[in-house]
Amino acid sequence: MTKTSPDSPIVVVTGGNRGIGLEICRQLVQRGAQVILTARRPEAGEKALRELKSDRASFHVLDVTDSQSIADLRDHLQGQYGRLDVLINNAGIMDDEDNSGLDVGTDVVRETFATNTLAPLELSQALMPLLRKASPGRIVNLSSGLGAISSMGAGHPAYRISKAALNAVTRILAAELDGAVVVNSMCPGWVRTDMGGENAERDVSQGADTAVWLALEAPTDLTGRFLRDRQIIAW
């Protein structure tokens with residue numbers, strides 16, 4: 001088992017090899033966290049590690065839609081650290097065919113739902129014994145304003161549905177855990193990434209900020225909420 005300082009939080013970031021996920025990892029290691037960056041492809045994860053240039057970061061292969069891959073990550077964390085302080089469910093997809101609710105294929109909806117909603121739920125369930133060893137553990141779900149029921153609109157139906165459901169997962173887990181593990185959703189805003197595009201209004205540092213704050217600094221009585229720019233927003 002790897003010995004780490006009790007003051008050094010252990011954080012898993014899914015989809016940490018690029019975009020907001022990589023920036024979250026960068027900000028976390030800068031603040032003293034021990035980060036396990038995960039990605040499906042080993043070459044992508046190793047490239048991200050080289051970009052981080054930090055001995056506080058390590059890589060572990062993870063396909064968030066594969067139960068055995070999730071179990072392998074759980075066993076790795078148990079063997080190496082014996083606990084987990086924070087799980088950041090960042091991995092997500094938006095399909096190019098996800099255009100209109102009038103004609104989107106149900107296969108697109110299923111695939112998007114599997115990655116954006118079911119994967120964070122299964123990861124949270126699998127890693128819960130390790131998160132319960134923290135004081136308290138934290139789960140941060142990267143959601144989107146596109147998933148807010150209060151402002152739901154047209155376009156990207158599979159993505160919208162998946163993020164609205166992820167917000168529901170957040171509320172359910174927060175209520176059932178009752179503070180034993182803190183669970184929140186956050187919206188990074190429209191960020192210049194491969195998904196957000198070059199015309200987006202925010203850079204990755206702005207998009208990552210609230211996730212990092214929720215992971216390391218937010219009050220522990222803040223749970224079951226949806227946030228943007230460190231402020232609670234409507235579901």
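Check the entry above for the structure.
Residues numbered from 1 in each chain as written. Predicted model: local features only at pLDDT ≥ 70, side-chain atom pairs only at ≥ 80, totals over all residues. Heavy atoms only, no water.

Undergrad: Could you give an account of the side chain of Gln-27, with specific residues and numbers?
TA: Topologically, Gln-27 is positioned in helix α1 (residues 19–30). Those residues in contact with Gln-27, other than ones at most four positions away along the chain, are Ser-205, Ala-208, Asp-209 and Val-212. (Helix = DSSP H or I, 4+ residues; strand = E, 2+ residues; numbered from the N terminus. Contact = heavy atoms within 4.5 Å.)

Undergrad: Summarise the pairing of strand β5 (residues 137–142); cite the residues concerned and give the values.
TA: Of all six residues making up β5, six are buried, and the element is well covered by its neighbours. Here β5 shows two buried faces, one formed by Gly-137, Ile-139 and Asn-141 and the other by Arg-138, Val-140 and Leu-142. Where strand β4 (residues 86–89) and β5 come together, four bridges link them in parallel fashion. Bridging from a neighbouring strand, Ile-88 pairs with Val-140 of β5. Handedness of the β-α-β unit built from β4, helix α4 (residues 106–131) and β5 comes out right-handed. In the sheet, β5 pairs with strand β6 (residues 181–186) via six bridges, with the strands oriented parallel. Within β6, the residue paired with Ile-139 across the bridge is Val-183. The parallel pair β5 and β6, bridged by helix α5 (residues 157–177), forms a crossover whose chirality is right-handed. (Buried < 20%, exposed > 50% of the residue type's maximum accessible area, 1.4 Å probe, protein only. Pairing = 2+ DSSP bridges. Right-handed = clockwise from strand over helix to strand, strands pointing away.)

Undergrad: Go over the nonpolar core with me, naming the residues and quoting the values.
TA: Formed by 31 residues in total, the largest nonpolar core has its most connected members in Val-13, Ile-24, Leu-28, Ile-88, Val-140, Leu-142 and Leu-214. Among the elements of the structure, β1 (10–13), α1, β2 (34–39), α2 (42–52), β3 (57–61), β4, β5 and α6 (204–216) are those that each provide at least two residues to this core. Ignoring anything within four residues of it in the chain, the contact list for Leu-28 reads Val-11, Val-13, Ala-33, Val-35, Ile-88, Val-212, Ala-215 and Leu-216. The next biggest cluster of nonpolar side chains, apart from the first, holds 26 residues, and it includes Leu-130, Leu-173, Ala-174 and Val-183. (Core = buried A, V, L, I, M, F, W, Y, C linked by side-chain atoms within 4.5 Å.)

Undergrad: Give me the pattern of salt bridges: which residues, what numbers.
TA: Applying the stated criterion across every chain yields a total of six salt bridges. Asp-85 is paired through a salt bridge with Arg-83; the nearest N and O atoms lie 3.1 Å apart. Asp-85 gets classed as buried once you look at its relative accessible area, which sits at 14%. Note on Arg-83: relative accessible area 16%, which makes it buried. Residue Asp-209 pairs with Arg-230 through a salt bridge whose shortest N-O separation is 2.9 Å. With Asp-209 in helix α6 and Arg-230 in the loop between β7 (226–228) and β8 (231–232), the pair connects residues that are 21 residues apart, well separated along the chain. Overall, the relative accessible area of 22% leaves Asp-209 in the partly exposed class. (Salt bridge = Lys/Arg side-chain N within 4 Å of Asp/Glu carboxyl O.)

Undergrad: Break down unusual backbone geometry for me, with residues and values.
TA: Between Ser-135 and Pro-136 the backbone carries a cis peptide bond, its omega angle lying at -15°. Position of Pro-136 relative to the elements: it lies in the loop between α4 and β5. Residue Asp-229 is not a glycine yet carries a positive backbone phi of 50°. Take Asp-229: it is sitting in the loop between β7 and β8. With relative accessibility at 39%, the residue Asp-229 sits in the partly exposed group.

Undergrad: Residues and numbers for the environment of Val-181, please.
TA: Within the secondary structure, Val-181 sits in strand β6. Distance from Val-181 to Pro-136, taken between C-alpha atoms, is 5.3 Å for residues 45 residues apart in sequence. When neighbours within four sequence positions are excluded, Val-181 is seen to be in contact with Met-128, Leu-131, Arg-132, Pro-136, Gly-137, Arg-138, Ile-139 and Thr-223.

Undergrad: Provide a residue-level description of the sheet that holds β4, including the pertinent values.
TA: Taken together, eight strands build an open sheet; the order of strands is β3-β2-β1-β4-β5-β6-β7-β8 and the sheet is mixed. Looking at the sheet topology across the chains shown, the edges are occupied by β3 and β8. By the bridge criterion, two bridges tie β7 to β8 in an arrangement that is antiparallel. Bridge assignment links Leu-227 to a residue of β8, and that residue is Ile-232. Of the strands in this sheet, β5, β6 and β7 touch α5, which is tilted by about 160° from β6. Seen against the sheet, α6 touches β4, β5, β6 and β7 and runs at an angle of roughly 160° to β5. (Axes fitted to C-alpha atoms, helices over the stretch in contact; angles between N-to-C directions.)

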